[in-house]
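Topology and contacts: notes
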Amino acid sequence: MSACGGCRFFVLTLRTLCGTSRSASPCALLKLRTVSTSTRTYSPDSFSSGSRKTATQVGKLERISPSSGGVHRNLSAVAVPLQGQFRPLCRYDPLDLGDVDENTQKALACKHLRRFIVDPSLARIVTNHLAGDIDDGKAVIFECNPGPGVLTRALLNRGAQRVVALESEPNFLPELQDLESKLDGQLNVVHCDFFKLDPIGHGSMKPPVMYSEKLFSDLTISEVPWSADVPVKIVGIFSHRNEKSIMWKLLYNLFERRSIFRYGRVELIMFISKHEYMKLVTRPRDYKNYLAFGALWQIACDIELLHEEPLSSFLTINKKNKNSTSKSTTSQSDNLCLVRITPREDLFNSHLTPLNGSTLVLMVKQCLAKRKRRLIEQINSWSPGNGSELISKLCFLDDTMTGDVYPDEYKRLFELMEQSGNFTESWLYEEMLETTHTGHA
């Protein structure tokens with residue numbers, strides 16, 4: 001018994017020296033809980049004004065282990081002097097998001113027509129919707145035109161492992177680069193305009209214009225199979241000056257797997273105008289609004305509305321009066337919609353490939369140019385006499401109009417046409433000539 005008691009005393013002594021919680025005294029446990037509880041007050045919400053804390057945020061803070069919270073804070077405090085200029089992120093010591101007035105003054109340095117997120121509360125709303133993406137940690141986040149970097153800091157505070165800030169305005173680069181130098185690899189700042197990636201033509205380019213091949217190469221991001229997980233998520237606000245043109249460019253690149261889509265199923269998580277969002281999701285038999293633009297995006301991608309925000313929540317800069325957004329002049333139709341657009345894993349197959357993807361785009365554009373035309377007539381205009389056979393295979397009636405056909409049915413129609421081998425592509429060149437004169441549908 002005496003030997004056993006000596007062993008127990010020896011084991012307890014070792015546990016005490018190692019700091020094992022099982023041997024800690026009640027006073028030590030109380031002290032640990034006190035430190036842990038106090039760290040919860042260091043949430044991102046406590047560093048900005050106008051906070052709109054949601055139930056989701058509160059719930060996530062409460063699920064943190066008390067003991068692990070205290071340990072993380074101590075490690076963060078030790079790591080700063082050891083790493084010199086680098087600062088590892090810790091959720092209990094977040095980056096300051098600033099306040100609306102301060103961020104507005106910084107954004108006014110912009111010389112071009114742009115919209116900004118300057119309210120920390122709005123930035124946190126966005127990051128709440130991206131919580132699953134950030135926690136998953138598999139994809140790199142590209143932020144388009146971060147400006148004063150409010151959303152950038154919110155993403156990092158939320159735990160984003162790698163954020164690439166693509167900023168087109170030189171005036172915003174110094175502060176972003178200063179932040180980059182203080183972190184340990186979580187942020188890359190690139191002088192680049194995402195919306196001007198891969199311009200037509202060849203030759204050397206000067207920033208912010210850039211080829212996606214150089215951008216991805218410099219960031220050491222490699223191509224992955226189309227069936228792989230999403231490698232990159234693009235976050236930002238579409239330019240309201242040429243929003244639709246940019247989306248058409250992305251659409252063609254998607255169907256041909258060019259530009260950013262060469263690297264895999266790159267996902268868009270973007271604010272777009274409510275007007276364009278409604279066109280994006282319009283369904284058949286709405287003969288006024290069901291256009292090729294929406295049908296093609298629905299063929300290619302899953303589309304999810306994450307959030308709708310009044311335009312007055314954003315800062316809009318233009319050349320004339322700098323700040324053109326006024327709460328008294330905006331309406332619900334002016335709202336911006338945060339939309340997740342994820343390319344479908346099963347988009348391509350043996351009949352629809354990146355080589356003929358643009359042909360499908362043009363076919364749908366032709367069909368939906370006149371939405372009350374009978375589909376059988378449209379098919380016969382491409383290949384006389386074959387309309388009835390294809391209509392029968394699709395289980396359509398002879399009086400089915402082009403505006404009645406669902407996006408996935410257009411994809412099926414195209415695949416049947418490719419299989420039949422009876423269709424020439426003369427209509428393709430006619431459409432290309434028409435597009436040159438009239439622009440996108």
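Higher on the page you've got the structure.
**Topic: unusual backbone geometry**
- In this structure, Pro-208 follows Pro-207 across a cis peptide bond, with omega equal to 15°.
- Tracing the sequence through the fold places Pro-208 in the loop between β4 (187–191) and α10 (212–218).
- If you check the backbone angles, Asp-198 has positive phi at about 55° while not being a glycine.
- Relative to the helices and strands, Asp-198 resides in the loop between β4 and α10.

**So, the packing of helix α6 (residues 120–129) against helix α8 (residues 150–158)**
- Two elements in contact, α6 and α8, have axes whose closest approach is 9 Å; the angle formed by their N-to-C orientations is 50°. When the interaxial angle is binned, α6 and α8 end up oblique. Between α6 and α8 the crossing geometry is right-handed. Of the residues in α8, those touching α6 at Pro-120, Ala-123, Val-126 and Thr-127 are Val-150, Leu-151, Ala-154, Leu-155 and Arg-158.
- Here the residues of the contact of α6 with α8 sort into 7 nonpolar, 1 polar and 1 charged.

**Digging into the pattern of salt bridges**
- For the structure on display, the rule yields 21 salt bridges.
- A salt bridge links Lys-106 to Glu-175; the shortest N-O distance between them is 2.8 Å. Here the residue Lys-106 occupies a position in helix α5 (residues 100–107), and Glu-175 occupies one in helix α9 (residues 173–182), the gap between them amounting to 69 residues.
- Between Asp-302 and Arg-344 there is a salt bridge; the shortest N-O distance is 2.6 Å.

**Topic: the packing of aromatic side chains**
- Within the structure shown, the criterion is met by 9 aromatic pairs.
- Between Trp-248 and Tyr-252 the ring centres are 6.1 Å apart and the planes differ by 35°, which places this aromatic pair in the tilted class. Placement of the pair is Trp-248 and Tyr-252 together in helix α11 (residues 243–256), with a separation of 4 residues, close to one helical turn. Across this residue pair, the class does not change: Trp-248 and Tyr-252 are buried.
- Ring geometry for Phe-271 against Phe-314: centres 5.0 Å apart, planes inclined by 80°, an arrangement best described as edge-to-face. Taken as a pair, Phe-271 in strand β6 (residues 267–273) and Phe-314 in the loop between β7 (301–309) and β8 (315–318) lie far apart in primary sequence, 43 residues in all.

**Focus: helix α13 (residues 292–300)**
- Burial runs high along α13: 9 of the 9 residues are buried.
- For α13, the complete set of buried residues consists of Ala-292, Phe-293, Gly-294, Ala-295, Leu-296, Trp-297, Gln-298, Ile-299 and Ala-300.

**Quick word on the pairing of strand β5 (residues 232–237)**
- Taking burial as the measure, the 6 residues of β5 include 6 buried ones, the bulk of the element.
- Of the strand pairs in this sheet, strand β2 (residues 140–144) and β5 are connected by 4 bridges, and their pairing is parallel. Looking at β5, one finds that Glu-143 is bridged to Val-235.
- Here β5 pairs with β6 via 5 bridges, running parallel. Within the sheet, the bridge partner assigned to Val-235 lies in β6 and is Ile-269.
- The β-α-β motif built from β5, the intervening α11 and the parallel element β6 has right-handed crossover chirality.

**Section: the nonpolar core**
- Counting residues in hydrophobic clusters, the biggest one holds 73 residues, and the most contacted among them are Phe-142, Leu-215, Trp-297, Val-364 and Tyr-410.
- The contacts of Tyr-410, once residues within four sequence positions are left out, are Tyr-290, Ile-299, Leu-360, Met-363, Val-364, Cys-367, Leu-368, Thr-402 and Val-405.
- Formed by 39 residues, the second largest nonpolar core is a distinct cluster that contains Cys-110, Leu-155, Phe-172 and Leu-173.

**Structural notes on the state of the cysteines**
- Tallied over the full model, the rule gives 0 disulfides.
- Between Cys-144, a free cysteine, and Cys-192, which holds the nearest cysteine sulfur, the sulfur-to-sulfur gap is 8.6 Å.

**Describing the environment of Leu-305**
- Inspection of the secondary structure assignment puts Leu-305 in strand β7.
- Residue contacts for Leu-305: discarding those within four places in its chain leaves Tyr-277, Cys-337, Leu-338 and Val-339.

**Notes on the environment of Leu-155**
- Inspection of the secondary structure assignment puts Leu-155 in helix α8.
- The exposure class of Leu-155 is buried, given its relative accessible area of 0%.
- For the pair Leu-155 and Ala-131, spaced 24 residues apart in sequence, the C-alpha to C-alpha distance is 9.2 Å.
- Excluding residues within four positions of it along the chain, Leu-155 makes contact with Thr-127, Leu-130, Ile-134, Ile-141, Glu-143, Ala-160 and Val-163.

The rules behind each value
- Residues numbered from 1 in each chain as written.
- Predicted model: local features only at pLDDT ≥ 70, side-chain atom pairs only at ≥ 80, totals over all residues.
- Heavy atoms only, no water.
- Helix = DSSP H or I, 4+ residues; strand = E, 2+ residues; numbered from the N terminus.
- Axes fitted to C-alpha atoms, helices over the stretch in contact; angles between N-to-C directions.
- Parallel < 35°, antiparallel > 145°, perpendicular 65-115°, else oblique.
- Left-handed = near helix turned anticlockwise from the far one by under 90°.
- Contact = heavy atoms within 4.5 Å.
- Nonpolar A, V, L, I, M, F, W, Y, C, P; charged D, E, K, R; others polar.
- Salt bridge = Lys/Arg side-chain N within 4 Å of Asp/Glu carboxyl O.
- Phe/Tyr/Trp six-rings, centres within 6.5 Å; stacked < 30°, edge-to-face > 60°.
- Buried < 20%, exposed > 50% of the residue type's maximum accessible area, 1.4 Å probe, protein only.
- Pairing = 2+ DSSP bridges.
- Right-handed = clockwise from strand over helix to strand, strands pointing away.
- Core = buried A, V, L, I, M, F, W, Y, C linked by side-chain atoms within 4.5 Å.
- Disulfide = S-S within 2.5 Å.

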